[in-house]
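Residues per chain are reported as follows:
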Amino acid sequence: MHLVQRLNVGVSAQLLRANEACLFNEQRRYFPKLKDKKRKTRRIPLPPWHPRIARYMKIKQRDNAKRVQPVQPMRVQPDRPRIDNDPDPFAYKFAPEMLYPIHKFEDWPLYPGIRSDQLRYGFTSDDIVACGVDPDSEDYRLIQRALSHHNSNGAEVRKQLVQNEIERWSFHKHDTGNPETQIAVMTLKLRALKARHDKFGSKDKFAFERFGQIYHKRKRKMWTLRDNDFGRYKKIMTYLGLRDRFNPSIVPPGVHKCAHIYSKKKPPGGRRGHIY
């Protein structure tokens, strides 16, 4: 009797082990391990003695040495002859009030930079005459008053200012990809966002983010224009009243927060007991 019970127990144990093996195989087959899992933990800042910090400092010193070297700007000839109709930037530099002069329409001051002959929706005085309206009639005066930029909102004013910059810096009237044109238009947008930010406070985080996007896009355009044609770059910078921030003599040297570890000079206040 005991022998039969032992045999039954042994058989059941073998069947159980076989079933476990089958379950294990199915689990491994249908649910494989994820080898390339994405990191879900928070990145911990590296300690100052980490070798990556030393490698970063070497790269930073190499980049600073390259940046100090004199720049040899190259001139790239345009694909079509360029007619220099650009404004004289130094005239605006010594007389900044002439950059965006204030014109008047029937003794009403317009927005700085908008002329009295410029009307809303892209109309001009010639378009009103082309419609058959006598310039000396009362209808002409009423139509011109209705289409004046004195009645326009902020979006229409900015659109007209952008159109003025395109006419001032482009090769032709449909050329909006000119680097000077794009830099000038982005500067208008940045100044409008800055004025709005100063007026309504710092609660608009989306406007602040958009300001950073436009600022860095303009910075890349300025850097490319400076490398390709330094004369055109200096002209647009002087016209807009901006500084040449890419000049190595102006850019302050960047200092890493752990730079004192690799320098022989002690930081202010000593090393606070660290053995570096």
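Residues numbered from 1 in each chain as written. Predicted model: local features only at pLDDT ≥ 70, side-chain atom pairs only at ≥ 80, totals over all residues. Heavy atoms only, no water.

**Student:** Which residues make up the pattern of salt bridges, and what are the values?
**Tutor:** On inspection of all chains with the given rule, the structure shows 9 salt bridges. Here Arg-120 and Glu-156 are joined by a salt bridge, their closest N and O atoms 3.1 Å apart. With a gap of 36 residues between them, Arg-120 in the loop between strand E2 (108-109) and helix H4 (125-130) and Glu-156 in helix H6 (residues 154-169) connect regions that are remote in the sequence. According to the relative accessible area criterion, Arg-120 is buried, its value standing at 14%. (Salt bridge = Lys/Arg side-chain N within 4 Å of Asp/Glu carboxyl O. Helix = DSSP H or I, 4+ residues; strand = E, 2+ residues; numbered from the N terminus. Buried < 20%, exposed > 50% of the residue type's maximum accessible area, 1.4 Å probe, protein only.)

**Student:** Give a detailed account of the nonpolar core, specifying residues and quantitative values.
**Tutor:** Ranked by size, the top nonpolar core spans 12 residues in total: Leu-99, Trp-169, Ile-183, Ala-184, Met-222, Leu-225, Tyr-233, Ile-236, Met-237, Tyr-239, Leu-240 and Phe-246. Of all elements in the fold, only helix H7 (179-200), helix H8 (205-228) and helix H9 (230-240) reach the threshold of two or more residues within this core. Among the elements that make up this core, the one with the highest residue count is H9 (5 residues). Beyond its immediate chain neighbours, meaning those up to four positions away, Tyr-233 contacts Met-222, Leu-225, Arg-226, Asp-244, Arg-245 and Phe-246. In terms of nonpolar packing, the next biggest core, distinct from the first, is built from 5 residues, Leu-119, Ile-128, Val-133 and Leu-147 among them. (Core = buried A, V, L, I, M, F, W, Y, C linked by side-chain atoms within 4.5 Å. Contact = heavy atoms within 4.5 Å.)

The values are spatial; any link to function lies outside them.
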